[in-house]
Amino acid sequence: MSDSDLAAPSALHAMLDGLPVAAALLDAGGQIAAANRDFARLLGAPADDLIGRHLGALLDAAATETRPTANAYRLEPYGEPRWVRADHSAGGLVLLIDVTAEHRMLDAARAGSVVRDQLMSDAEVGTWLYDPDRDLYFFSSELAFGWEEFVEGVPTEVLQQIQHRDDQAKDSEIRERVTRLGGQAETEMRYRTPDGGWKHLRVLYRAGKQTPSGRYEMYGISQNISPQAQARDEATASTQRLKLALNAANAGVFEFDYAKRSFWLSPELRALVGQDLLSGAKANPFGMFHPDDRARARDLNARAERQDQIAPVDVRLMRSAGPIWVRFYLEVEHDTGGDPIRCVGLMIDIDDQKRQELALAEATQVAEAATAAKSDFLASVSHEIRTPMNGVVGILHLLEREPLTPEGAGMLQEAVACSQMLAQLINDVLDFSKMEAGKLDLAPVPVDLAALADSVAALIRPQAEDKGVYLHVAAEGLGYAAIDPVRLRQCLFNVIGNAVKFTGEGGVSVRLTYVDGDPRRLRCEVQDTGIGIPASARASLFDRFQQADVGTTRRFGGTGLGLAISRNLARMMGGDMDFDSVEGEGSTFWFEVAAPVAEAPPSTAVNAFGDAPLEGLRVLVVDDNRVNRLVGVKSLEALGAEAREADCGEAAVEAVIADDYDLILMDVNMPGIDGLEATRRIRALGGSAAQTPVIALTADVMTHHQQRYHAAGMNGFVPKPFSPLQLLAEIARLVAGEGEGPEALSA
């Protein structure tokens, strides 16, 4: 090329643009004198901007990655990664040859070589490359064999120092032939190790790409076969172990090649799947699965191809002998671009295990259904018992206002006490049902602990006096704490009641104190001088339906539920329950519950309005049971209210439309329109009628029931059977929330 050509850049550009590859012309200093469009596009700059720039510096700056041994550069023109090799020709012509496909294959091989590298390391198999122009060997780490010199390039003369003398000649002959003529070869070589031993290697030689000198690079694989017999035996044993493991697990493996669209299946998998399924697997691999499981198998495959985190799935193979459950594992190998290359799967026969799991799950569902049915049954029985009990208790309380002889009054008090015991038994059974169903909730409020303890003792003290034993309570100065009063009263009632029941002489002492902590705890100790508890009964005393001995039930009565329920309640309230006892001398039962500090609530004394606290209040009593209506009406009239009745939900709505009422006592379970629907219809009337307070009077007392009452628009809740004091307390609560007296209910 003449100097005049060099002086005409446009002519040079035109000449180079005619070439089908990226090309540039360098001057004597290695700087670009001219470049074609393809060359400029690869470097991401206009061709004119490249003039005068040094080629090596340009390539280093533009490349996102370089591979010096291959003279290759990774460029990203317009965001598209391309690998190029800079080939220099005589006259300063440089061609950037696209070797993207070659390097993508190299990247894919590297990406998929992690497992292979580990296997090669374990088997002492390594790769190597020989550069004839530099007379250097490059060995993978597996072939170092303890020689530090093998980490970098190793000259032939250094390698020959550790080669067995008898093997040097054949290695030299193969090296000369393959690097000059190409081709391949295979032989065995012996190499000395730093400790003086020898490694026997099987060496495979292959010719690589041609170098600038015209000779061929040489690469290969070397495997340690010392001693060969031992390696062969170990390989055979390993194969047999794998086969035994697959047979023992009744498992099989397969491999799918995405490029060839071909399957390889192990003999174990063929036996597991069966020939009848395999015959159609090529056309539709997912057709071998149960129709209900195909979507799960497809999803596993799709997630594996997306490189998502996956877990094995349990699916059924539709064999001719019947479906069989297998655990399906899958792993997909990807190239550097994220495209799937190879899929490897494992299927393990879990048919017996899976059928046992399904049977257990079914049995669990049946058991849970039985538990739910039992809870529903107990709740239903409780409701059915509470309804007539409401009549019994209500009539007894009404009789307390009637003139009776002293003997009659005494018998009445006995009947009232018996009704209270029966009501407590019903509550215990229902609470036990709630606990088993996990539906027992706590409702902590500010509680005057001393007053609560005294009220419980007042209920039990008549029993103690009848037996001639004392009942002392020490609970002064405790103030208020945030505790569920119903559940605390239940624990106290059960523990104190038991102490009185099992004490024939002496008495019972109750002590309530605080225990510091976060949160603060209330500790209750109930000490008696009763019969005591034998050591043999300690382990089972808190079990449900258990007492100290079989004869105890006959002598003292009871279901054995009280202590079991009380301990569970104490634990639910952040504490526990236990006891100390000496047989024949007495026992001390104690329990602790969380008791955060609380402020005293506003006063809601039910006796604030005199002997007729509900005087002037017009109340509608709604209940489908005649006795319950009678009890409700008479109880309200005894408190000074004016009461009317309705025997169903429809009648209640009509009564509210026809007249004005200050309060409605609404039964919930009624035929036709129940209490909830009746309340909703009353709320939908609008005007003052829609604002009438509604209190639910019902035997359905579980927490989720109360939530339904509130959702229907009811304002309060009184459980059946109820006492006049309970009813008055709930009315007073509504009054306290809306005004200063009963007249506020109609405001």
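These remarks concern the structure in this document. Because the structure is a prediction, the values reported are computed rather than measured. (Residues numbered from 1 in each chain as written. Predicted model: local features only at pLDDT ≥ 70, side-chain atom pairs only at ≥ 80, totals over all residues. Heavy atoms only, no water.)

All right, on to the packing of aromatic side chains then. One pass over the structure, following the stated rule, counts twelve aromatic pairs. Between Phe-286 and Phe-289, the aromatic rings sit 6.5 Å apart at their centres with planes inclined by 40 degrees, giving tilted as the arrangement. Residue Phe-286 shares its accessibility class with Phe-289, and that shared class is buried. Its guanidinium or amino end placed over the ring of Tyr-514, Arg-520 lies 3.6 Å from that ring's centre, counting from NZ or CZ. (Phe/Tyr/Trp six-rings, centres within 6.5 Å; stacked < 30°, edge-to-face > 60°. Buried < 20%, exposed > 50% of the residue type's maximum accessible area, 1.4 Å probe, protein only. Lys NZ or Arg CZ within 6 Å of the ring centre and 35° of its normal.)

Moving on, we come to the sheet that holds strand S14 (residues 262-265). Ordered in space as S14-S13-S17-S16-S15, the five strands form an open sheet in which the pairing is antiparallel. Looking at strand neighbours, the two that pair on one side only are S14 and strand S15 (313-319), the edges of this open sheet. Sheet twist, expressed as the mean angle between neighbouring strand axes with direction ignored, is 30 degrees. Two elements, strand S13 (residues 251-257) and strand S17 (residues 340-349), share seven bridges in a ladder whose sense is antiparallel. Bridging from a neighbouring strand, Ala-251 pairs with Ile-348 of S17. With respect to the sheet, helix H13 (residues 294-305) is in contact with S15 and strand S16 (322-334), its orientation differing from that of S16 by roughly 10 degrees. (Pairing = 2+ DSSP bridges. Helix = DSSP H or I, 4+ residues; strand = E, 2+ residues; numbered from the N terminus. Axes fitted to C-alpha atoms, helices over the stretch in contact; angles between N-to-C directions. Contact = heavy atoms within 4.5 Å.)

Picture the strands of a sheet paired through backbone hydrogen bonds; they go either parallel or antiparallel. Taking strand neighbours across the sheet as the criterion, the six strands line up as S2-S1-S6-S5-S4-S3 in an open arrangement whose pairing is antiparallel. Across the chains shown, the open sheet's two edge strands, defined by having one partner strand only, are strand S2 (32-35) and strand S3 (65-67). Geometrically, the sheet is characterised by an average inter-axis angle of 25 degrees between neighbouring strands, direction not taken into account. Against the sheet, helix H5 (residues 55-62) contacts strand S1 (22-26), S2, strand S4 (72-75), strand S5 (82-88) and strand S6 (93-98), and its axis sits at roughly 50 degrees relative to S4.

This next bit is on the pattern of salt bridges. Pairing of side chains with opposite charge becomes possible as their charged atoms draw close. If you walk through the whole model with that rule in mind, you get 39 salt bridges. In this structure, Arg-82 and Glu-80 form a salt bridge, with 3.6 Å as the shortest nitrogen-oxygen distance. Here Asp-87 and Arg-85 are joined by a salt bridge, their closest N and O atoms 3.1 Å apart. Taken together, the salt bridges that share partners define one network made up of Arg-511, Arg-521, Arg-523, Glu-525 and Glu-592. (Salt bridge = Lys/Arg side-chain N within 4 Å of Asp/Glu carboxyl O.)

Okay, empty space enclosed by the protein next. All told, the structure shown has five cavities of 30 Å³ or more when counted by the stated rule. Within this model, the largest cavity holds a volume of roughly 140 Å³. Taken together, 14 residues make up the lining of the largest cavity; nearest its centre are Trp-128, Phe-139, Leu-159, Tyr-191 and Ser-222. When contributions to the lining of the largest cavity are tallied by element, the ones reaching two or more residues are strand S8 (136-139), helix H8 (156-162) and strand S11 (198-210). The element contributing the most residues to the lining of the largest cavity is S11, with three residues. Looking at side-chain class alone, the lining of the largest cavity contains twelve nonpolar, one polar and one charged residues. Here the second largest cavity defines a volume of roughly 60 Å³. If you trace the second largest cavity, you find ten residues lining it, with Val-621, Asp-623, Asn-628, Leu-697 and Phe-722 closest to the centre. Listing elements by their share of the lining of the second largest cavity, those giving two or more residues are strand S25 (618-622) and helix H20 (626-638). Partitioned by chemical class, the residues of the lining of the second largest cavity number five nonpolar, three polar and two charged. (1 Å grid on protein atoms, 1.4 Å probe; cavity = no way out; pocket = protein on both sides within 12 Å on 5 of 7 lines; lining within 4 Å. Points joined across faces, edges and corners; volume = space filled by probe spheres on them. Nonpolar A, V, L, I, M, F, W, Y, C, P; charged D, E, K, R; others polar.)

Here we take up the environment of Asp-308. Along the chain, Asp-308 falls in the loop between H13 and S15. A polar atom in the side chain of Asp-308 sits 2.9 Å from the side chain of Arg-306. (Polar contact = N/O pair within 3.5 Å; in protein donor to acceptor, adjacent residues only side chain to side chain.)

Every α-helix winds through 3.6 residues per turn, so residues three or four apart in the chain are directed the same way. Within helix H19 (residues 562-572), eight of the eleven residues are buried, leaving the element largely enclosed by the surrounding structure. Burial in H19 covers these residues: Gly-562, Leu-563, Ala-564, Ile-565, Ser-566, Arg-567, Leu-569 and Ala-570. After H19 finishes, the residue Gly-574 shows a positive phi value of roughly 85 degrees.

Moving on: the state of the cysteines. Inspection of every chain in the model, using the stated rule, returns zero disulfides. Not part of a disulfide, Cys-491 finds its nearest cysteine sulfur in Cys-524, a span of 8.9 Å. (Disulfide = S-S within 2.5 Å.)

Nothing here speaks to function; it is all geometry.
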